[in-house]
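So you can see what is in the structure, the chains are spelled out below.
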Amino acid sequence: MRMLIIEDERGLAAAIADGLASEGFVVEAAYDGVDGLWRALHEPHDVIVLDIMLPGLSGYEVLKRMRAANVWTPVLMLTAKDGEYDEADALDLGADDYLSKPFSYVVLVAHLRALLRRGAPPRPTVLAANDLTLDPARRRCRRGNHEIDLTAREFTLLEFLLRRAGQVVSKTEILTHVWDENFDGDTNIVEVYVGYLRRKIDAPFDRRTIETVRGAGYRLRS
Ligand code: CA
């Protein structure tokens, strides 16, 4: 289970992360609202723990923007009794559950397990752009009925572009997501791989799904 915690009190975030790691969760932490929202929108998580008072963007704003972007990952909000907002606001805004600070670790784990059992509402599992489809669970890519064989890196690159179909993504963004965060090589590798993909998903079918946006990056036509 992948969990994202968005909490600016690093001590608390670290304590929760350590505890949950020992329960088998893969925990990622963000320490401000902007980074938290970005991760919530672009990385897959099974559950998100979201604090309200955050630098950058408040927890409420993060939640609102997530839901507006159709990201339905279950969210547990951390509220403070003396805070500006209360639990009713949290639920109104689309949180799935809340916990008031201070809370015990045992109670947090119980709430998270309950949320995970309920799960997120069904989301489309197959990504598509016209007759190009990609099924991340089955690792399959097709153009119409035609099966396309992709390497692991090509697959990840196409999945990333499909998840952001219609948007321009820069080479740097692609590098960060598809290659390792610490990859320090040349961004030309992105061009090389976009070329490989085009030869497999576009050229044989006389399509131009992946557009080059001069000076900005690439855009997958949806
Ligand atoms: Ca806080």
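We now turn to the structure provided with this report. Bear in mind the structure is a predicted one, so any value in this text is a computation, not a measurement. (Residues numbered from 1 in each chain as written. Predicted model: local features only at pLDDT ≥ 70, side-chain atom pairs only at ≥ 80, totals over all residues. Heavy atoms only, no water.)

## Re helix H2 (residues 33–42)
1) Next: For H2, the complete set of buried residues consists of Gly33, Gly36, Leu37, Arg39 and Ala40. Buried residues of H2, seen end-on, are gathered within an arc of 165° and therefore sit on one face of the element.
2) Next: Here the buried face of H2 lies against strand S1 (2–6), strand S2 (26–30), strand S3 (47–51) and helix H3 (59–68).
3) Next: One side-chain oxygen of the residue at the start of H2 lies 3.0 Å from the amide nitrogen of valine 34, identifying that residue as aspartate 32. (Buried < 20%, exposed > 50% of the residue type's maximum accessible area, 1.4 Å probe, protein only. Helix = DSSP H or I, 4+ residues; strand = E, 2+ residues; numbered from the N terminus. Arc of directions from axis to C-beta. Contact = heavy atoms within 4.5 Å. Polar contact = N/O pair within 3.5 Å; in protein donor to acceptor, adjacent residues only side chain to side chain.)

## Here's the deal with the coordination of the calcium ion
1) Next: With distances of 2.1 to 2.3 Å, the protein atoms coordinating the calcium ion are Asp8 (OD), Asp51 (OD) and Met53 (O).
2) Next: Sequence positions of the donors to the calcium ion reduce to the motif D-x42-D-x1-M. With a gap of 45 residues between them, aspartate 8 in the loop between S1 and helix H1 (10–21) and methionine 53 in the loop between S3 and H3 connect regions that are remote in the sequence.
3) Next: The class for aspartate 8 is partly exposed, based on a relative accessible area of 30%. (Donors = N, O, S within 2.8 Å, 3.2 Å for Na, K, Ca; no water.)

## As for the environment of leucine 37
1) Next: Assignment of secondary structure puts leucine 37 in helix H2.
2) Next: For leucine 37, a relative accessible area of 10% translates into the label buried.
3) Next: Sequence-distant contacts of leucine 37, defined by excluding residues within four places in its chain, comprise Ile6, Leu57, Val62, Arg65 and Met66.

## Focus on the pattern of salt bridges
1) Next: Inspection of the entire model under this criterion finds 20 salt bridges.
2) Next: Ionic pairing is found between glutamate 28 and arginine 39, a salt bridge with its closest N-O pair at 2.4 Å. On the criterion of sequence distance, the pair formed by glutamate 28 in strand S2 and arginine 39 in helix H2 is long-range, its members being 11 residues apart. Here the two residues glutamate 28 and arginine 39 agree in accessibility, since each one is buried.
3) Next: One connected set of salt bridges, linked through shared partners, spans Arg2, Glu28, Asp35 and Arg39. (Salt bridge = Lys/Arg side-chain N within 4 Å of Asp/Glu carboxyl O.)

## Notes on the packing of helix H6 (residues 152–163) against helix H7 (residues 171–178)
1) Next: Viewed as axis vectors pointing N to C, H6 and H7 meet at an angle of 125°, and their least axial separation amounts to 10 Å. On the basis of their axis angle, the class for H6 and H7 is oblique. The interaxial crossing formed by H6 with H7 has right-handed handedness. Contact with H6, carried on its side by Arg153, Thr156, Leu157, Phe160 and Leu161, involves Glu173, Ile174, His177 and Val178 of H7 and no other residues of that element.
2) Next: Each residue belonging to the contact of H6 with H7 can be placed in one class, and the counts come to 5 nonpolar, 2 polar and 2 charged. (Axes fitted to C-alpha atoms, helices over the stretch in contact; angles between N-to-C directions. Parallel < 35°, antiparallel > 145°, perpendicular 65-115°, else oblique. Left-handed = near helix turned anticlockwise from the far one by under 90°. Nonpolar A, V, L, I, M, F, W, Y, C, P; charged D, E, K, R; others polar.)

## Looking at the pairing of strand S11 (residues 210–213)
1) Next: Taken together, the 4 bridges between S11 and strand S12 (residues 217–220) define a ladder with antiparallel strand orientation. For glutamate 211, the partnering residue across the bridge sits in S12 and is arginine 219.
2) Next: Here S11 folds back onto S12 in antiparallel fashion, the turn holding 3 residues, of which glycine 215 has a positive phi close to 75°. (Pairing = 2+ DSSP bridges.)

## Let's talk about the packing of aromatic side chains
Aromatic ring pairs are described here by two measures, namely the spacing of the ring centres and the angle between the planes.
1) Next: In total, this model carries 2 aromatic pairs according to the counting rule given.
2) Next: Judged by centre distance (5.0 Å) and plane angle (75°), the rings of tyrosine 193 and tyrosine 196 are edge-to-face. Here the residue tyrosine 193 and the residue tyrosine 196 both occupy positions in helix H8 (residues 188–202), the gap between them amounting to 3 residues, near one helical turn.
3) Next: Residue classification places tyrosine 196 among the partly exposed residues on the basis of a relative accessible area of 34%.
4) Next: Of the aromatic side chains, those joined through ring pairs into one cluster are Trp179, Tyr193 and Tyr196. (Phe/Tyr/Trp six-rings, centres within 6.5 Å; stacked < 30°, edge-to-face > 60°.)

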